[in-house]
Amino acid sequence: MLGIFKWISKIGEIMSDDEIVKSEVKIYHPSEDIIKLANVKEYEETYKRSITDPEGFWGEQAETLSWYKKWDKVLDDSKKPFFKWFVGGKTNIVHNAIDRHLTTATRNKLAFIWEGEPGDTRTFSYHALNREVSKMANIVKSMGIRKGDIVTIYMPQIPELIFAMLACAKIGAAHSVVYAGFSSKALKDRIEDAKSKLLITADGGWRRGKIVDLKNIVNDALEDSPTIEKSIVVKRTCQDVDMVTERDFWYHELEKEPFASKPCQTEVMDAEDMLFILYTSGTTGRPKGVLHTHGGYSLYTSTVHRMVFDIKDEDRWWCLADPGWITGHSFIVYAPLINGTTTMLYEGAPTYPNPDRIWEMVDKYGVNVFYTSPTAVRGFMRFGDSWVKQHDLSTLRLLGSVGEPINPAAWEWYYNVVGGARCPIMDTWWQTETGGFMISPYPITPLKPGSATRPLFGIAADVIREDGTSTDPDEEGILVIKAPWPGMARTIMGDDARYKDVYWSDYEKQGWYKAGDSARKDADGYIWVIARLDDVLKVSGYRLGTAEVESALVSHEKVAESAVIGLPHELRGNAIHAFCILAEGNTASSDLEKEIKEHVRDELGPIAVPEKINFVNTLPKTRSGKIMRRVLKAKALGQDPGDLSTIED
Ligand code: PRX
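Calculation rules
- Residues numbered from 1 in each chain as written.
- Predicted model: local features only at pLDDT ≥ 70, side-chain atom pairs only at ≥ 80, totals over all residues.
- Heavy atoms only, no water.
- Helix = DSSP H or I, 4+ residues; strand = E, 2+ residues; numbered from the N terminus.
- Buried < 20%, exposed > 50% of the residue type's maximum accessible area, 1.4 Å probe, protein only.
- 1 Å grid on protein atoms, 1.4 Å probe; cavity = no way out; pocket = protein on both sides within 12 Å on 5 of 7 lines; lining within 4 Å.
- Points joined across faces, edges and corners; volume = space filled by probe spheres on them.
- Nonpolar A, V, L, I, M, F, W, Y, C, P; charged D, E, K, R; others polar.
- Core = buried A, V, L, I, M, F, W, Y, C linked by side-chain atoms within 4.5 Å.
- Contact = heavy atoms within 4.5 Å.
- Phe/Tyr/Trp six-rings, centres within 6.5 Å; stacked < 30°, edge-to-face > 60°.
- Lys NZ or Arg CZ within 6 Å of the ring centre and 35° of its normal.

## So, unusual backbone geometry
Point 1. Residues Lys80 and Pro81 are joined by a peptide bond in cis, for which omega reads -5°.
Point 2. By the element assignment, Pro81 lies in the loop between β3 (73-76) and β4 (84-87).
Point 3. In this chain, Tyr352 is followed by Pro353 through a cis amide linkage whose omega measures -5°.
Point 4. Along the chain, Pro353 falls in the loop between β19 (342-346) and α12 (357-365).
Point 5. One non-glycine residue, Glu246, adopts positive backbone phi at about 70°.
Point 6. By the secondary structure assignment, Glu246 is in the loop between β13 (230-234) and β14 (248-250).
Point 7. Residue classification places Glu246 among the exposed positions, given a relative accessible area of 70%.
Point 8. In this structure, Ser540 takes a positive phi of about 50° despite not being glycine.
Point 9. Considering the arrangement of structural elements, one finds Ser540 in the loop between β28 (536-539) and β29 (542-545).

Okay, here's the thing in structure tokens:
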């Protein structure tokens, strides 16, 4: 199939640090085969209509879902920015992700394929998935959970994680999944913020051949938890764990109770009822519980998934992410199931026991569409082409990328080596807050490596100057979304004011959503996302606040003050570099650096550990005491620190 993609080259522009360097941007056009298959055949006209008549567009799309009762109004914008979608509509995401498939041929199709790190596998048809979810739902109910409660889930990537999420949704409880790489302290904070009464967890999970002892972490987190009354523990790794009587219950024992296998009714939910909260990092220290709803989120995630990844009935879809992050919520669990696709979940590390673990699975299961992050791509690339080429990847049709800008070298490798120069790469820009993809190609879109291309239907994305005017081609600016969309977060859990302030206050008059990224738009209208504008770091595609890491650092008794920046890293995109002022009487040493790193690991988890800690005597600050991280960054990169007139010392 080589040569099926033709490319033309033209002089384009790519950014390199502060200067714009003229260089060649290759444009990759889709093949005839891809165009023939495409669910979306045309962009310009449909895009225009979706923006001029969003209610008409989304109302039409919503007909693809099943509703207990249709909506009275598509969009209520009377209380900006607290938009409501499908007002008066009644549904439940599980009604669309499972129930409606049970009366069609999809019932006997594989809903998901799971592979554990040690190589054990389990598969579930939609029929079987319904049985498992109903069982988990009955058990969750038996723990006293009712509609409107929030259940915290802290689990390895095993099937029961998916059952737990769907079980909560089914009975109208909201889930709050906490990524299993987070520490006990981070788990505890998130439980407290959500005021969860129930925790669903496991004894452990497998990672790089070792047991991650989740139950120990949970026991620490729950030691003096004011809200958790009970916890359900799934047996996965089978080591001895401490169970607390009357609080902790083994799932495999509860499963045997006669009530567990009874049918379970799916709760009728209002379209605007809370489906889940998911914590993500922002500018200040406290993580934000981003809230999504049953109606708009169901519609938005399933629509963009079907259109961007051209989902077909016979497809096997694999999103290599962790369900503990939004990518996993939307594109391992909800969108693929709503679309009746076969989705996959893998428990362990992508390059364990060998660097071809993922390609072996693509080959084994005949995966058609594969979606992952640039950091994972760079991780595979480092081991060379031969690990990929040992496997038959001819089933692949489309590839996807998410989490950070993909550097052209990684794009080219992914395209040529993994995709055999035949699979277009859908570089999807989106956020926890947006629910689903916002700026992304469709398969018919000509691609420019490193650009997420253009806004999807219904998404009024633009790049603007601070004064709100649109930027000129290639001028760097602020990425905003100028109209609401159904998948948008509705608020931050328990903090409407913060929601309004963080996302909507800068352009309140215009009613625009500020995404927090800088970007530029080229002459073809292609958007190139550059970086975060705020104090948010993207490390291996994970989102962390500088303030979170700094507060973990200063909670070490020997650290008086700290500042954290992200510096470019070949594999991880960015790596955390910390600058610490030690408390009186302490001396810098490599042992102390190790000790502080260990402390951050305990406080936040392995992803937050700084690559390097620099011990310093002062930190650059403004006269009002704000740390000037840009100065530290410029210095570390050997660049001009810019305007220093506001610096104190
Ligand atoms: O900076 C952008 C970056 O990830 C941020 C959102 O992070 P999070 O909420 O954790 O969600 C990640 C998965 C959706 C964005 O503000 N980002 C995400 N995708 C891309 C990206 N940057 C450039 N290109 C992308 N495709």
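## Concerning empty space enclosed by the protein
Point 1. Under the criterion given, the structure shown has 2 cavities of 30 Å³ or more.
Point 2. By volume, the largest cavity amounts to about 40 Å³.
Point 3. Approximately 30 Å³ is the volume attributed to the second largest cavity.
Point 4. Forming the walls of the second largest cavity are Phe182, Arg190, Tyr279, Thr280, Ser281, Trp325, Arg543 and Glu548.
Point 5. Residue classes in the lining of the second largest cavity are distributed as 3 nonpolar, 2 polar and 3 charged.

## Some points on the nonpolar core
Taken as a class, soluble globular proteins show a tendency for nonpolar side chains to be buried jointly.
Point 1. Phe86, Ile153, Leu166, Phe309 and Tyr334 are the most contacted members of the largest nonpolar core, which has 115 residues in total.
Point 2. The element contributing the most residues to this core is helix α6 (residues 159-170), with 9 residues.
Point 3. Those residues within four positions of Leu166 in sequence are excluded, and the remaining contacts are Val94, Ile98, Leu129, Val133, Val333, Tyr334 and Leu337.
Point 4. Core analysis: the next-biggest nonpolar cluster, separate from the first, contains 34 residues, Tyr179, Ala180, Leu187 and Ile613 among them.

## What to know about the packing of aromatic side chains
Ring pairs (aromatic) are described by centroid distance and by the angle formed between their planes.
Point 1. Applying the stated criterion across every chain, the model contains 44 aromatic pairs.
Point 2. Aromatic pair Phe309 and Phe437: ring centres 5.6 Å apart, planes at 75°, arrangement edge-to-face. You can see Phe309 sitting in the loop between α10 (294-308) and β18 (316-319) and its partner Phe437 sitting in the loop between β22 (425-427) and β23 (461-464), a full 128 residues away along the chain.
Point 3. Taking the relative accessible area as the measure of exposure, Phe309 reaches 0% and is therefore buried.
Point 4. Here Tyr499 and Trp504 contribute two aromatic rings whose centre-to-centre distance is 6.3 Å and whose plane-to-plane angle is 55°, an arrangement assigned as tilted.
Point 5. Three or more aromatic residues joined by ring pairs make a cluster, and in this case those are Tyr43, Tyr47, Phe57, Trp58, Tyr300, Tyr442 and Phe457.
Point 6. The ring centre of Tyr526 lies 4.5 Å from the NZ or CZ of Lys448, which sits over that ring.
Point 7. Here the guanidinium or amino end of Lys482 rests over the ring plane of Trp512, the centre of that ring lying 4.4 Å away.

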